[in-house]
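The primary structure of each chain is shown beneath.
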Amino acid sequence: MIYADNAATTKMSETATQTMLNVLNAHWGNPSSLYSFGQDAKEVLEGARKDIADVIGAQPGEIIFTSGGSEADNQAIRSAAYLGRKKGKTHIISSAFEHHAVLHTLEALEKEGFEVTLLPVHENGIVLPEEVCEAVREDTCLVSIMYANNEIGTIQRIREIGSILRMRGVLFHVDAVQAVGHIPVNVRNDNIDLLSASAHKFHGPKGVGFLYAKRGVMLTNLIEGGAQERGKRAGTENVAGIAAMAAALKEANGKMAENAARLTKMRDRLIRGLREIPHSALNGDAEQRLPGNVSFCFEGIEGESLLLLLDDKGICASSGSACTSGSLDPSHVLLAIGRVHDVAHGSLRLSLAEDITEADVDYIIQTVKEVVTYLRSFSPVWRDLVSGKTKFIL
Ligand SMILES: *Cc1c(COP(=O)(O)O)cnc(C)c1O
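Below or above, wherever it landed, is the structure these notes cover. (Residues numbered from 1 in each chain as written. Predicted model: local features only at pLDDT ≥ 70, side-chain atom pairs only at ≥ 80, totals over all residues. Heavy atoms only, no water.)

### Some details on the site of the ligand
- Around the ligand, the surrounding shell holds 13 residues, and the nearest of these are Ser70, Asp175, Gln178, Ser198 and Lys201.
- In the model, an oxygen atom of the ligand is placed 2.7 Å from a nitrogen or oxygen of the glutamine 178 side chain.
- With the chains in place, 87% of the 380 Å² that the ligand exposes on its own is no longer accessible.
- In terms of residue class, the shell around the ligand is made up of two nonpolar, eight polar and three charged. (Near = heavy atom within 4 Å. Polar contact = N/O pair within 3.5 Å; in protein donor to acceptor, adjacent residues only side chain to side chain. Areas by Shrake-Rupley, 256 points an atom, 1.4 Å probe, with all protein chains shown as cover. Nonpolar A, V, L, I, M, F, W, Y, C, P; charged D, E, K, R; others polar.)

See the structure below:
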């Protein structure tokens, strides 16, 4: 099997798995307990907090642990929105291709009276810092822009946006779930106030993530209860998961440059190969993209059928995001970069991990070529395109 769906989730690294087992077996105390066995678990927890803070350029006191990226996004956005409302600021800026954890939170806030502006992401899948600047108003309390998109892999100009917002005094949230552990992320240099990350996107376990909130940015609780996480996130901590997340992040960070160089080569080889398929197009900017992300549209086919046939040939891939596959709506991300419905339906996302080989890439290219040709051979949409009844777009 070739697993090429690492944007959906990754396999846990050996180090992360061993760390998790060790904590489960040997450090299973409650970190809130006062006896030394509880304090031993507390040490594990605080060690993880420091390691994570170090990697992203934060202070340990600025990190709180969550159940994953979705929870961190929800908490970050609600916190900034409610802080804004206290000062009479109820305008929020985001982009059209954010993850649903962001977009659906913003929709919920609209029902509470907030006003949301979604910026365009243009054909190349990149938000322009000047457009962020123009959209900021006197009553803007928050801008939320993702570091890298989960479907098309485009990397945003976060540092530039951050410095504009710092000057304007507007809080900046970044969903960095696809970026952390893969490309350099530093909350100080990037002028980020709130950042979300998730362990299972960088070879850690599922169900654990973290939220960075710059000192002084007051968080709103989503979960009420005990005083864990400085009173900002109740519930006994997932100590083993958190320790494994820290181990996975340290490991990914240590090998980042080496991994990215290798992955970029594999990615570009895959892109070159798939571009040979007629009436196909790469989604998103070719350069400003995650090292492991390849996203294509093929005219005249259905992405769902493509995925099933690829699965038969031992390739795990995705069409749009995991949240939208299974539904018939085309991905909001592909629509946001201007793909029309028919074209957006024929999408394929291949997200590679560090262990991918050239032989794997060549097998993927060959198989996708065959399967696309096969699907087109009996596609009515393709027949109309070839006969000239409808016009090719790609
Ligand atoms: C996966 C993902 C999330 C959600 O993270 P979970 O830990 O699965 O809740 C949020 N944002 C982006 C960009 C993602 O890729």
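Moving on from the model shown.
### Here we look at the packing of helix α1 (residues 14-26) against helix α7 (residues 239-254)
- The N-to-C vectors of α1 and α7 enclose an angle of 155°; their axes lie 8 Å apart at closest approach. Considering the angle they form, α1 stands roughly antiparallel to α7. Like other packed secondary-structure pairs, α1 and α7 cross with a definite hand, here right-handed. Each of Thr15, Ala16, Thr19, Met20, Val23 and Leu24 in α1 lies in contact with α7, whose residues at this interface are Val239, Ala240, Gly241, Ala243, Ala244, Ala247, Ala248 and Glu251.
- Counted by class, the contact of α1 with α7 contains ten nonpolar, three polar and one charged residues. (Axes fitted to C-alpha atoms, helices over the stretch in contact; angles between N-to-C directions. Helix = DSSP H or I, 4+ residues; strand = E, 2+ residues; numbered from the N terminus. Parallel < 35°, antiparallel > 145°, perpendicular 65-115°, else oblique. Left-handed = near helix turned anticlockwise from the far one by under 90°. Contact = heavy atoms within 4.5 Å.)

### Considerations on the sheet that holds strand β6 (residues 171-175)
- If you trace the seven strands from one edge of the open sheet to the other, you get β2-β8-β7-β6-β5-β3-β4, paired in mixed fashion. At either margin of the open sheet sits one strand with a lone partner, and together these are β2 (63-66) and β4 (115-119). Pairwise comparison of adjacent strand axes, ignoring direction, gives a mean angle of 20° for this sheet.
- Along the sheet, helix α2 (residues 36-56) makes contact with β2, β7 (194-198) and β8 (209-213), crossing β2 at roughly 115°. (Pairing = 2+ DSSP bridges.)

### Here we look at the side chain of aspartate 175
- With respect to the helices, strands and loops of the structure, aspartate 175 is situated in strand β6.
- Reaching out from aspartate 175, the side chain makes a polar contact with the backbone nitrogen of valine 177 at a distance of 3.0 Å.
- Not counting residues within four places of it along the chain, the set of residues in contact with aspartate 175 comprises Asp73, His99, Val102, Ile145, Met146, Tyr147, Ala148 and Ser196.

### Description of the packing of helix α3 (residues 69-86) against helix α4 (residues 100-111)
- Relative orientation of the contacting elements α3 and α4 amounts to 35°, with a least axis distance of 9 Å. In this structure, α3 meets α4 at a crossing whose hand is right-handed. Residues Ser70, Asp73, Asn74, Ile77, Arg78, Ala81 and Tyr82 of α3 touch α4, and the partners they reach there are Ala101, Val102, Thr105, Leu106, Ala108 and Leu109.
- A breakdown of the residues in the contact of α3 with α4 according to their chemical character gives eight nonpolar, three polar and two charged.

### Some thoughts on unusual backbone geometry
- Its identity is not glycine, yet histidine 122 carries a phi of approximately 60°, on the positive side.
- Mapping histidine 122 onto the fold places it in the loop between β4 and α5 (129-135).
- Given the relative accessible area of 29%, histidine 122 is considered partly exposed.
- With a phi angle near 50°, arginine 230 is a residue other than glycine that sits in the positive phi range.
- Within the secondary structure, arginine 230 sits in the loop between β8 and α7. (Buried < 20%, exposed > 50% of the residue type's maximum accessible area, 1.4 Å probe, protein only.)

### Section: helix α8 (residues 256-275)
- End to end, α8 covers 27 Å across 20 residues, agreeing with the expected 28 Å (1.5 Å per residue, within 8%).
- When α8 is considered as a whole, its buried residues turn out to be Met256, Asn259, Leu263, Met266, Arg267, Leu270, Ile271, Gly273 and Leu274. Down the axis of α8, the smallest arc covering the buried residues is 160°, so these residues share one side. Exposed side of α8, more than 90 degrees from the buried face: Ala257, Glu258, Lys265 and Arg272 are the residues found there.
- On the buried face of α8, the contacting elements are α7, β9 (280-282), β10 (293-298), β12 (347-351) and α12 (358-377). (Expected span 1.5 Å × (residues − 1). Arc of directions from axis to C-beta.)

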